[in-house]
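Here are the chains, one letter per residue:
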Amino acid sequence: MKQSVKLIVGNWKMHGLSADLGEAATLRQALEEESASCRVVLCPPATLLDRMRTVVEGGAVELGGQDCHEKPAGAFTGSTSAAMLADAGASLVILGHSERRAAFGENDAAVAAKVEAAIAAGLEPIVCVGETLAQREAGDAVAVVSAQVENSLADSLAERPFAVAYEPVWAIGTGLTPTLEQIAEVHAALRAALVRRLGQAAARIPILYGGSVKPENAAEILAASEVGGALVGGASLKAEDFLKIIRAA
Ligand code: 13P
């Protein structure tokens with residue numbers, strides 16, 4: 001299905017200090033002058049959310065977190081709850097990013113618990129899935145991501161806005177991207193898995209592509225079948241680059 005309004009999300013990962021808030025200001029200003037035809041979201045580190053809110057408030061840029069704890073509060077030193085993200089200005093949250101699955105051992109069940117927590121706090125989850133290079137080379141990409149999406153979702157998502165992001169692990173930060181045929185194949189499989197899991201309501205959920213999206217390749221990727229937007233890492237750190245991707249949507 002072709003999505004009418006694309007969702008373009010910038011994931012700043014562990015980058016961003018006060019000095020970088022100007023990038024959000026530039027983005028806000030540019031979107032006031034040229035009104036984007038897509039939804040634009042920035043996901044800075046949690047420490048910048050509240051201050052970035054004051055920069056983008058009243059404009060077209062929405063804010064998201066990069067992860068949340070599955071519990072609403074408690075003795076979890078160093079963790080951030082979904083309600084805290086919402087309180088600091090987020091309306092979305094990235095969950096199950098492959099960097100968290102790999103480095104912090106998050107499995108599908110843990111991601112599903114975080115999805116529940118995000119929904120309870122009124123956040124729109126962006127649930128990430130993606131195969132490793134070994135899994136793709138073994139011919140297992142579609143099976144891996146289909147299982148990930150079915151097991152990482154929560155039943156309560158059926159009535160809620162959310163997004164899925166397909167990010168092949170081997171394409172993140174490497175400059176490599178799948179072919180458009182490979183992207184279309186996985187996105188079609190994810191759409192089928194979503195509808196199987198949550199029913200027809202999931203036929204309209206945006207499925208983003210992420211992994212080395214750049215100004216140079218954004219237009220063709222965003223035009224591929226079932227691609228409802230992009231989850232952008234490195235190229236979202238500078239407003240100038242991110243704007244080129246937004247304009248391609
Ligand atoms: P890059 O765009 O830097 O490859 O990162 C993609 C990503 O992981 C976004 O979540």
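Up top is the structure these notes are about.
None of the values given here were measured: they were computed from a predicted structure.

Asker: Got a sec to walk through helix H8 (residues 180–198)? Specific residues and values, please.
Answerer: Spanning 19 residues, H8 covers 26 Å between terminal C-alpha atoms, matching the ideal 27 Å at 1.5 Å per step. For H8, the complete set of buried residues consists of Ile 183, Val 186, His 187, Ala 189, Leu 190, Arg 191, Ala 193, Leu 194 and Leu 198. Positive backbone phi, at 85 degrees, marks Gly 199, one or two positions downstream of H8.

Asker: Hey, could you go over the environment of Glu 159 for me, with residue numbers and the actual values?
Answerer: As for its position among the elements, Glu 159 is in the loop between helix H7 (141–152) and strand E6 (163–166). Separated by 43 residues in sequence, Glu 159 and Ala 202 place their C-alpha atoms 9.0 Å apart.

Asker: Give a detailed account of the pairing of E6, specifying residues and quantitative values.
Answerer: Because side chains alternate across E6, one face comprises the buried residues Ala 163 and Ala 165, and the other comprises Val 164 and Tyr 166, equally buried. Summarising the sheet, strand E5 (residues 124–129) and E6 pair through four bridges and their orientation is parallel. Looking across to E6, one finds that Val 129 is bridged to Tyr 166. Pairing analysis gives three bridges linking E6 to strand E7 (residues 207–210), with the strands arranged parallel. Bridge pairing links Tyr 166 to Tyr 209 in E7. As for the winding sense of the linkage, the β-α-β connection from E6 through H8 to E7 is right-handed.

Asker: Give a detailed account of the site of the ligand, specifying residues and quantitative values.
Answerer: The local shell around the ligand holds 13 residues, among which Lys 13, His 97, Glu 167, Gly 173 and Ser 212 are the closest. At 2.9 Å from an oxygen atom of the ligand is found a side-chain nitrogen or oxygen belonging to Glu 167. In the environment of the ligand, an oxygen atom lies 2.9 Å from a nitrogen or oxygen atom belonging to the backbone of Gly 233. For the shell around the ligand, a count of residues per class yields four nonpolar, seven polar and two charged.

Rules behind the numbers
Residues numbered from 1 in each chain as written. Predicted model: local features only at pLDDT ≥ 70, side-chain atom pairs only at ≥ 80, totals over all residues. Heavy atoms only, no water. Helix = DSSP H or I, 4+ residues; strand = E, 2+ residues; numbered from the N terminus. Expected span 1.5 Å × (residues − 1). Buried < 20%, exposed > 50% of the residue type's maximum accessible area, 1.4 Å probe, protein only. Pairing = 2+ DSSP bridges. Right-handed = clockwise from strand over helix to strand, strands pointing away. Near = heavy atom within 4 Å. Polar contact = N/O pair within 3.5 Å; in protein donor to acceptor, adjacent residues only side chain to side chain. Nonpolar A, V, L, I, M, F, W, Y, C, P; charged D, E, K, R; others polar.

Read these as layout, nothing more, since geometry by itself doesn't imply function.
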